[in-house]
Amino acid sequence: MPDVKGIERVQRFRKSRRERGDKEVNVWIPGLLSTAIDQAVESGRFKSREAVITHALEAMFAEKDRNVVT
């Protein structure tokens, strides 16, 4: 039997994130990266896997003075 209250809670959470402009995505990551992410969380450096991934993406794409040649 499904947990109706749990399902509703997740739906409200996702709706609130969408309303603030967040986007949910699923990506495949190599095992070594997954292990490193888990270690960063387990060591207490980050609260969650989401926080680790968001930090990495912000460091790569949101820094104002990036000078990267591709």
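Note that this is a predicted model, so its numbers are computed, not measured.

**Points about the overall build of the protein**
In terms of helices and strands, the protein carries 3 helices and 0 strands. Going from the N terminus to the C terminus, the protein shows its helices and strands as α-α-α. Residue burial in the protein is summarised as follows: out of 70 residues, 9% are buried. Just so you have it, the protein exposes about 6900 Å², and 56% of that area is on carbon and sulfur atoms.

**Things to note about helix 1 (residues 4-19)**
Over its 16 residues, helix 1 extends 22 Å from the first C-alpha to the last, a length consistent with the 22 Å expected when each residue adds 1.5 Å. Following helix 1 by one or two positions, glycine 21 adopts a phi angle in the positive range, close to 100 degrees.

**Description of the pattern of salt bridges**
Using the criterion set out here, one finds 6 salt bridges in the structure. For the salt bridge of glutamate 50 with arginine 17, the shortest nitrogen-to-oxygen distance reads 2.8 Å. On the criterion of sequence distance, the pair formed by glutamate 50 in helix 3 (residues 49-61) and arginine 17 in helix 1 is long-range, its members being 33 residues apart. For glutamate 50, a relative accessible area of 44% gives the class partly exposed. It is possible to trace a salt-bridge network through shared partners that takes in Arg17, Arg20, Asp22 and Glu50.

**Some remarks on helix 2 (residues 31-42)**
Taking 1.5 Å per residue as the helical rise, helix 2 with its 12 residues ought to reach 16 Å, and the 16 Å between its terminal C-alpha atoms agrees with that figure. Once helix 2 ends, the next one or two residues include glycine 44, with phi positive near 90 degrees.

**Quick notes on a nonpolar patch on the surface**
On the surface, Val25, Val27, Ile29 and Leu33 cluster together into a nonpolar patch covering about 370 Å² of accessible area. With respect to the helices, strands and loops of the structure, isoleucine 29 is situated in the loop between helix 1 and helix 2. Using a relative accessible area of 35% as the deciding quantity, one classes isoleucine 29 as partly exposed.

The rules we used
- Residues numbered from 1 in each chain as written.
- Predicted model: local features only at pLDDT ≥ 70, side-chain atom pairs only at ≥ 80, totals over all residues.
- Heavy atoms only, no water.
- Helix = DSSP H or I, 4+ residues; strand = E, 2+ residues; numbered from the N terminus.
- Buried < 20%, exposed > 50% of the residue type's maximum accessible area, 1.4 Å probe, protein only.
- Areas by Shrake-Rupley, 256 points an atom, 1.4 Å probe, with all protein chains shown as cover.
- Expected span 1.5 Å × (residues − 1).
- Salt bridge = Lys/Arg side-chain N within 4 Å of Asp/Glu carboxyl O.
- Patch = residues over 30% accessible without salt bridge, like charges linked within 9 Å, V, L, I, M, F, W, Y side chains within 5 Å.

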